Amino acid sequence: MKARTDVLVDVQGLVKVQGRLPALRGVDLQLGRGAFVALLGPNGSGKSTLLRLLAGLARPDAGSIRIGGWQLPDELAAVRPHVGYVGHETLLYAHLGARENLRFCARLYALDEPEPRIDDMLRRVGLERRAQEPVRHFSRGMQQRLAIARALLIDPALLLLDEPFDGLDSEGREMLLHLLHSGRERSILMATHRHSLAEGLADRALFLRQGLVAGELSLADHVPGALAARQAELTESP
């Protein structure tokens, strides 16, 4: 990536209109290298829209996005190899097997000697025995595991997660927790409605409300219940 600075993601005045309604209304956000930020807020607050914009899957209507010093969407080709994304849609090819989905991703990002990496990711998400089976035969949880493997295959500097624990069984949740704890050198922005996950994983919580950043809370010296109390306070304020 470009010359290293303490800030990996720099978002200024981000606006996104969907239909006639603004999904984001001027969001500012900075994410440091190695930081883990939990993104919280009610449905419709703009969490998923923000993540899709950072992943380069949508274009902003106003404002600026810089990741690693590159500008989105103008320098998307330079940014994309450094960003992993897991959203509500798995973005998998249903007619391909798990291994072929990862091979396709490896070709897309021109990974050198990808097979050992593919083998490792299949093992880490517990799909090595189902690697050849078409994804259309997978359960929702298995598809989510594969989507996580694909996002991590490129060893991204920035990992964007939109409710990544949804659809996973208890074993899958433990698998993902282990992957997130073992990858703390990367920056992570995770949208979640689960306070316990935010408290156990993130350094900081950022609250969205009606397309704006309504507040934030450091979780470095977390007091149990403070996260829920802060969100309730922001929800009730005019």
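Predicted, not measured: the structure shown is a model, and the values here were computed from it. (Residues numbered from 1 in each chain as written. Predicted model: local features only at pLDDT ≥ 70, side-chain atom pairs only at ≥ 80, totals over all residues. Heavy atoms only, no water.)

S.K.: Give a description of the packing of helix H5 (residues 140-153) against helix H6 (residues 170-181) that names residues and reports values.
M.R.: At a minimum axis distance of 11 Å, the contact between H5 and H6 shows a crossing angle of 10°. With respect to H6, the axis of H5 lies roughly parallel. Contacts between H5 and H6 involve Arg145, Ile148 and Leu152 from the former and Glu171, Gly172, Met175, Leu176 and Leu179 from the latter. (Axes fitted to C-alpha atoms, helices over the stretch in contact; angles between N-to-C directions. Helix = DSSP H or I, 4+ residues; strand = E, 2+ residues; numbered from the N terminus. Parallel < 35°, antiparallel > 145°, perpendicular 65-115°, else oblique. Contact = heavy atoms within 4.5 Å.)

S.K.: An account of the layout of surface pockets is needed here, citing residue identities and associated values.
M.R.: For the largest pocket, the calculated volume is near 420 Å³. As for the largest pocket, its lining consists of 16 residues, of which Arg80, Leu91, Leu108, Tyr109 and Arg150 are closest to the centre. Elements represented by at least two residues in the lining of the largest pocket include exactly strand E6 (83-86), helix H3 (98-108) and H5. Among the elements that make up the lining of the largest pocket, the one with the highest residue count is H3 (four residues). The residue inventory of the lining of the largest pocket, partitioned by class, reads twelve nonpolar, two polar and two charged. The computed volume of the second largest pocket comes to approximately 190 Å³. Along the wall of the second largest pocket there are 15 residues; nearest its centre are Asn43, Gly44, Ser45, Lys47 and Ser48. Among the elements that take part in the lining of the second largest pocket, helix H1 (residues 47-54) stands out by supplying three residues, more than any other. (1 Å grid on protein atoms, 1.4 Å probe; cavity = no way out; pocket = protein on both sides within 12 Å on 5 of 7 lines; lining within 4 Å. Points joined across faces, edges and corners; volume = space filled by probe spheres on them. Nonpolar A, V, L, I, M, F, W, Y, C, P; charged D, E, K, R; others polar.)

S.K.: Which residues make up the sheet that holds strand E8 (residues 187-191), and what values go with them?
M.R.: Ordered in space as E6-E7-E8-E3-E9-E10, the six strands form an open sheet in which the pairing is mixed. Here the strands that pair on one side only, and so sit at the sheet edges, are E6 and strand E10 (212-218). Averaged over neighbouring strand pairs, the angle between their axes works out to 15° when direction is ignored. Where strand E3 (residues 36-40) and strand E9 (residues 204-209) come together, four bridges link them in parallel fashion. Counterpart to alanine 38 in the pairing with E9 is alanine 205. Lying on the sheet, H5 is in contact with E6 and strand E7 (158-162); it crosses E6 at an angle near 170°. (Pairing = 2+ DSSP bridges.)

S.K.: Report on the pairing of E9, specifying residues and quantitative values.
M.R.: As paired elements, E9 and E10 share six bridges and run antiparallel to each other. Looking at E10, one finds that alanine 205 is bridged to leucine 217. Where E9 hands over to E10, the hairpin turn is made up of two residues, of which glutamine 210 adopts a positive phi near 50°.

S.K.: Please provide a residue-by-residue account of H6, values included.
M.R.: Compared with the 16 Å implied by 1.5 Å per residue over twelve residues, the 17 Å span of H6 between its first and last C-alpha is a close match. Within H6, burial applies to Gly172, Met175, Leu176, Leu179 and Leu180. Buried residues in H6, looked at end-on, bunch into an arc of 130°, giving them a common side. Exposed side chains of H6 directed beyond 90 degrees from the buried face belong to Glu171, Glu174 and His178. Packing partners of the buried residues in H6 comprise E3, helix H4 (115-124), H5, E7, E8 and helix H7 (195-201). (Expected span 1.5 Å × (residues − 1). Buried < 20%, exposed > 50% of the residue type's maximum accessible area, 1.4 Å probe, protein only. Arc of directions from axis to C-beta.)

S.K.: Which residues make up unusual backbone geometry, and what values do they have?
M.R.: Cis geometry is adopted by the peptide bond preceding proline 73, which originates at leucine 72 and carries an omega value of 5°. Relative to the helices and strands, proline 73 is located in the loop between strand E5 (70-72) and helix H2 (76-79). Unusually for a residue other than glycine, glutamate 163 sits at a positive phi of about 50°. With respect to the secondary-structure elements, glutamate 163 resides in the loop between E7 and H6.

S.K.: Would you mind going over the sheet that holds E5 in detail, with residue names and values included?
M.R.: Ordered by their spatial adjacency, four strands build an open sheet running E2-E1-E4-E5, and the pairing between neighbours is antiparallel. Of all strands in the sheet, those with a lone pairing partner are strand E2 (21-32) and E5, marking the two edges. Strand-to-strand twist in this sheet, taken as the mean axis angle between neighbours without regard to direction, amounts to 25°. Across the sheet, H1 lies against strand E1 (7-18), E2, strand E4 (62-67) and E5, angled at about 120° from E1, the strand it touches most.

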